Amino acid sequence: MDNLNVLAGSPLAGLPMLRDATSRRASSWDRSGGNDDRLHIRPGEEVVLADIQGAGCVRHIWVTIACDEPDYLRKIVLQAWWDGEETPSIKVPIGDFFGMGHAQSHNFSALPLQMSPQDGKGFNCWFPMPFARSARITATSECSTEVLFYYYVDYQQYDSLPDGLGYFHAQWRRQNPTDGVSEEGMTNEEFLLQGRNTSGDGNYVILEARGRGHYVGCNLNVHNLRITEQWNWYGEGDDMIFVDGEAFPPSLHGTGTEDYFNTAWCPAEEYSSPYHGITMAGGPNWSGKISLYRFHIEDPICFRESLLVTIEHGHNNQRSDDVSSTAYWYQTEPHLPFSLLPGEARLPRPDDPAEW
């Protein structure tokens, strides 16, 4: 029997296996020997968090930030390039990258991403990020005041990478508002529950990718913009995931937003688990801001040529809400280049509808 078989079965079982790797860390420690263990990022400045040469894999990133400016978690952008590529494979507002939207932080615990006390301000990422020749990770501040930025990037270096590894990617998107329909002349039931979607056209797009790889999850953020005392559930939209250019209906067609996020019956309470959760559940009648996550760790969605991950915004795309998302996936290079909305267009809406 292969001696390694006795270590199969769980992550903890594999810990005794010896590894041909060198452990390294890039961090914000005070090079003077003092206690100012942080970067002081000026307005508009881009700082390099890690610039690594050779083969390796980022195994963990920890960040915490102090800034007096509102919404700074949408104004600081995390980027990463693997093996000298021209366009980054990660380009996401930093709060969204670590699992939660609306420029908010709350305590939650998922397997690849966590926000830890106090009040979720300790950000952690355990997505492995392999590279064959080099890695470059930066943070750019679009704040108008100084940002105090503490971080660790823990990584391993190797002689070379084995074949068959994809590169980690993360992309942020927003549609504000989604292009719904007027509810004039409709009953509440007609607006929220009726209509037919037989094409997937008009769905909110979480990810569009080209190449070979697998999708490993997302966080989705909704600001409910419908002001009403009638039943106002935002999440009747089905997920539809189109693999390798397939036509409608896709091979992965879901039954509702809460179902894709592994919850049930229009949830209105916060919850976190290794693979799915609700970090913000909204106010009464599902009003205000909601943030959810779903990670495909045990069930990655594989593609050979392309992938289109979509979800309806309300049944039949009839709702007009503020929707944003971060998608996480692995793939071969090159990837489709993606851009990021400018700073003002990334900011969350105020809570008070009178200020919209």
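Figured I'd write up the structure that's included with this text.

About the cut-offs
Residues numbered from 1 in each chain as written. Predicted model: local features only at pLDDT ≥ 70, side-chain atom pairs only at ≥ 80, totals over all residues. Heavy atoms only, no water. Helix = DSSP H or I, 4+ residues; strand = E, 2+ residues; numbered from the N terminus. Buried < 20%, exposed > 50% of the residue type's maximum accessible area, 1.4 Å probe, protein only. Contact = heavy atoms within 4.5 Å. Areas by Shrake-Rupley, 256 points an atom, 1.4 Å probe, with all protein chains shown as cover. Lys, Arg positive; Asp, Glu negative; His and termini not counted. Charge placed at Lys NZ, Arg CZ, Asp CG, Glu CD. Phe/Tyr/Trp six-rings, centres within 6.5 Å; stacked < 30°, edge-to-face > 60°. Lys NZ or Arg CZ within 6 Å of the ring centre and 35° of its normal. Pairing = 2+ DSSP bridges. Disulfide = S-S within 2.5 Å. Core = buried A, V, L, I, M, F, W, Y, C linked by side-chain atoms within 4.5 Å. Salt bridge = Lys/Arg side-chain N within 4 Å of Asp/Glu carboxyl O.

So, the overall build of the chain
Piece 1. Looking only at helices and strands, one finds five helices and 23 strands in the chain.
Piece 2. Considering only C-alpha atoms, the chain reaches an extent of 65 × 55 × 35 Å along its principal axes.
Piece 3. Expressed as a percentage of the 356 residues in the chain, the buried residues total 53%.
Piece 4. A fraction of 78% describes how many contacts in the chain between residues 6 or more apart in sequence connect residues 24 or more apart.
Piece 5. Counting only carbon and sulfur atoms, one obtains 50% of the accessible surface of the chain, whose full area is about 16800 Å².
Piece 6. A distance of 5 Å separates the average location of the 25 positive side-chain charges in the chain from that of its 49 negative side-chain charges.

Digging into the packing of aromatic side chains
Piece 1. Under the defined criterion, the tally for this structure stands at 19 aromatic pairs.
Piece 2. The interplanar angle of 5 degrees and the centroid separation of 6.2 Å between the aromatic rings of Trp82 and Phe131 together place this pair among those described as stacked. With Trp82 in strand E5 (residues 76–82) and Phe131 in strand E10 (residues 129–131), this residue pair connects regions lying 49 residues apart in the sequence. Across this residue pair, the class does not change: Trp82 and Phe131 are buried.
Piece 3. Here the aromatic cluster, defined as three or more aromatic residues joined through ring pairs, consists of Phe97, Phe98, Phe108, Phe123, Phe127, Phe168, Tyr293, Phe295, Tyr328 and Tyr330.
Piece 4. Note that Arg294 overlies the ring of Tyr260, its terminal NZ or CZ placed 6.0 Å from the centroid.

Re the sheet that holds strand E14 (residues 204–210)
Piece 1. On the basis of which strands lie adjacent, the open sheet formed by four strands has the order E14-E22-E16-E17 and antiparallel pairing. Unpaired on one side and paired on the other, E14 and strand E17 (252–253) mark the two borders of the sheet.
Piece 2. Pairing geometry for strand E16 (residues 239–243) and E17, over two bridges, is antiparallel. When the sheet's bridge partners are listed, Met240 is paired in E17 with His253.

Observations regarding the state of the cysteines
Piece 1. For the coordinates displayed, the defined rule picks out zero disulfides.
Piece 2. This cysteine, Cys67, is not joined by any disulfide, and Cys143 carries the nearest cysteine sulfur, 4.1 Å off.
Piece 3. You can call Cys67 buried: its relative accessible area is 14%.

Concerning unusual backbone geometry
Residues apart from glycine generally show negative phi values, whereas peptide bonds are mostly found in trans.
Piece 1. With omega at 15 degrees, the peptide bond leading from Pro117 into Gln118 counts as cis.
Piece 2. Among the secondary structure elements, Gln118 is positioned in the loop between strand E8 (113–116) and strand E9 (122–125).
Piece 3. The omega angle of the peptide bond from Phe248 to Pro249 is 0 degrees, so this bond is cis rather than trans.
Piece 4. Summarising the element assignment, Pro249 is placed in the loop between E16 and E17.
Piece 5. One non-glycine residue, Asp244, lies in positive phi territory at about 55 degrees.
Piece 6. As for its placement among the helices and strands, Asp244 is situated in the loop between E16 and E17.

Observations concerning the environment of Gly120
Piece 1. For Gly120, the location among the structural elements is in the loop between E8 and E9.
Piece 2. Since its relative accessible area comes to 0%, Gly120 is described here as buried.
Piece 3. Between the alpha carbons of Gly120 and Ser109 there is a distance of 9.7 Å; along the sequence they are eleven residues apart.
Piece 4. Setting aside residues no more than four positions away along its own chain, Gly120 makes contact with Ser105, His106, Asn107 and Met115.

So, the pairing of strand E23 (residues 322–331)
Piece 1. In terms of residue burial, E23 counts as a mostly covered element, since ten of its ten residues are buried.
Piece 2. Across the two faces of E23 the burial is the same, with Asp322, Ser324, Thr326, Tyr328 and Tyr330 and Val323, Ser325, Ala327, Trp329 and Gln331 all buried.
Piece 3. As paired strands, strand E13 (residues 167–175) and E23 are joined by nine bridges and run antiparallel to one another. The residue bridging Gln175 from the neighbouring strand is Val323, located in E23.
Piece 4. As judged from the ten bridges shared by strand E15 (residues 213–224) and E23, these two strands associate in the antiparallel manner. Bridged to Gly213 within E23 is Gln331.

Notes on the pairing of E9
Piece 1. Here E9 shows no split at all, with Gly122 and Asn124 on one side and Phe123 and Cys125 on the other all buried.
Piece 2. Across three bridges, the pairing between strand E4 (residues 55–66) and E9 is antiparallel. What sits directly across from Trp62, in E9, is Asn124.
Piece 3. Across four bridges, E8 lies against E9 in antiparallel orientation.

Focus: the nonpolar core
Piece 1. In terms of nonpolar packing, the biggest core is built from 54 residues, with Ile65, Phe97, Phe127, Met129 and Phe149 touching the most fellow members.
Piece 2. Once residues within four sequence positions are removed from consideration, Phe97 is found in contact with Leu78, Ile90, Val92, Leu113, Cys125, Met129, Phe168, Ala170, Thr326 and Tyr328.
Piece 3. Grouped together as the second largest cluster of nonpolar side chains are 29 residues, Ile206, Leu207, Val222 and Phe303 included.

Some remarks on the pattern of salt bridges
Piece 1. Enumeration according to the criterion identifies 14 salt bridges in this entry.
Piece 2. Across the salt bridge formed by Arg136 and Asp51, the nearest N and O atoms sit 3.6 Å from each other. Of this pair, Arg136 sits in strand E11 (residues 134–141) while Asp51 sits in strand E3 (residues 46–53); the two residues are 85 residues apart in sequence, bridging distant segments of the chain.
Piece 3. A salt bridge links Asp299 to Arg294, with the nearest nitrogen and oxygen atoms 2.7 Å apart.
Piece 4. Through salt bridges that share partners, Arg174, Asp322 and Arg349 make up one connected network.

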